[in-house]
Structure formats: C-alpha cells, structure tokens
Amino acid sequence: MQRVKQGDDVVVVAGKDKGSRGRVLRVLAGAERVLVEGVNVRTKHIKPSQTNPQGGRVKKEAPIHISNVMLADPTTGKPTRVRVQTLESGSRVRVAVASGEQIDK
C-alpha cells in the first residue's frame, strides 16, 4: 500500500521548497517521485505552434522525490509519518502516527 497517494495534502520537508504545502497531483511510482501543486515550479519556453501561436513561457510543476514530502496530519496539519493498519474487517487503512487519526475513510 502506498503511503502517499494522489489527492493527499503533503508538506515538503527538504529542499528549496521546504515548509510549503500542497496537494499531490500525481504519483510517479516507478521513479519514486510525486508532483505537488505549487511546489518545484519550473519555467518552460514554448516555441510558437498552431496550438499556441503566441509561444512564450509556461510555468509547470516538476516532480520531487517522495522522501522529501510527508503527509499532513488531518487534525493538526503538521507533517507526520504514516502507518498501515489492518482493521477487523480485513481492510488496510493508513493512519497518522502523530495523532492516530485514520487517513483513509
């Protein structure tokens, strides 16, 4: 089970964007990287084409390594580690270590 999934709120804990928070847009599992909204924004220069006749510069998020983000605790919003627990029903859910709050509903 993945500890960070698409749509999760995360906090960046290392790198130039340390301390910023955002929502996970995509998880690149093979490369162990995540795309976080508003984090690691790069400028790409676009040549004029038929779809974009003006051309110009486009700002896009670049992936960062999954070890540089931690899940935001649902109760406090602070970064927390994630534990996977098995319920009585047999289903597995993610739980925030700091508060014990269940992340998956």
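Described below are features of the structure shown in this document.

Rules used throughout
- Residues numbered from 1 in each chain as written.
- Predicted model: local features only at pLDDT ≥ 70, side-chain atom pairs only at ≥ 80, totals over all residues.
- Heavy atoms only, no water.
- Salt bridge = Lys/Arg side-chain N within 4 Å of Asp/Glu carboxyl O.
- Helix = DSSP H or I, 4+ residues; strand = E, 2+ residues; numbered from the N terminus.
- Buried < 20%, exposed > 50% of the residue type's maximum accessible area, 1.4 Å probe, protein only.
- Core = buried A, V, L, I, M, F, W, Y, C linked by side-chain atoms within 4.5 Å.
- Contact = heavy atoms within 4.5 Å.
- Pairing = 2+ DSSP bridges.

This paragraph deals with the pattern of salt bridges. If you walk through the whole model with that rule in mind, you get four salt bridges. Here Arg-94 and Asp-8 are joined by a salt bridge, their closest N and O atoms 2.7 Å apart. Within this pair, whereas Arg-94 is found in strand E10 (residues 92–96), its partner Asp-8 is found in the segment before strand E1 (9–12), the two being separated by 86 residues in sequence. Residue Arg-94 shares its accessibility class with Asp-8, and that shared class is buried. Between Arg-23 and Glu-37 there is a salt bridge, with its nearest N and O atoms 3.5 Å apart.

Turning our attention to the nonpolar core. With 13 residues, the main nonpolar core has Val-10, Val-34, Val-36, Ile-64 and Val-69 as its most contacted residues. When sequence neighbours within four positions are dropped, the list of residues in contact with Val-69 reads Val-10, Val-11, Val-12, Val-13, Val-34, Val-36 and Ile-64.

Our focus in this paragraph is the sheet that holds strand E3 (residues 33–36). Spatially, E6-E3-E2-E1-E7-E8 is the arrangement adopted by the six strands of the open sheet, whose pairing is antiparallel. In this open sheet, the two strands that pair with only one neighbour each are strand E6 (64–65) and strand E8 (79–80). Looking at chain direction, E3 and E6 are connected through two bridges and run antiparallel. Directly across from Val-34, in E6, lies its bridge partner Ile-64.

Everything listed is a geometric property; what it means functionally is a separate question.
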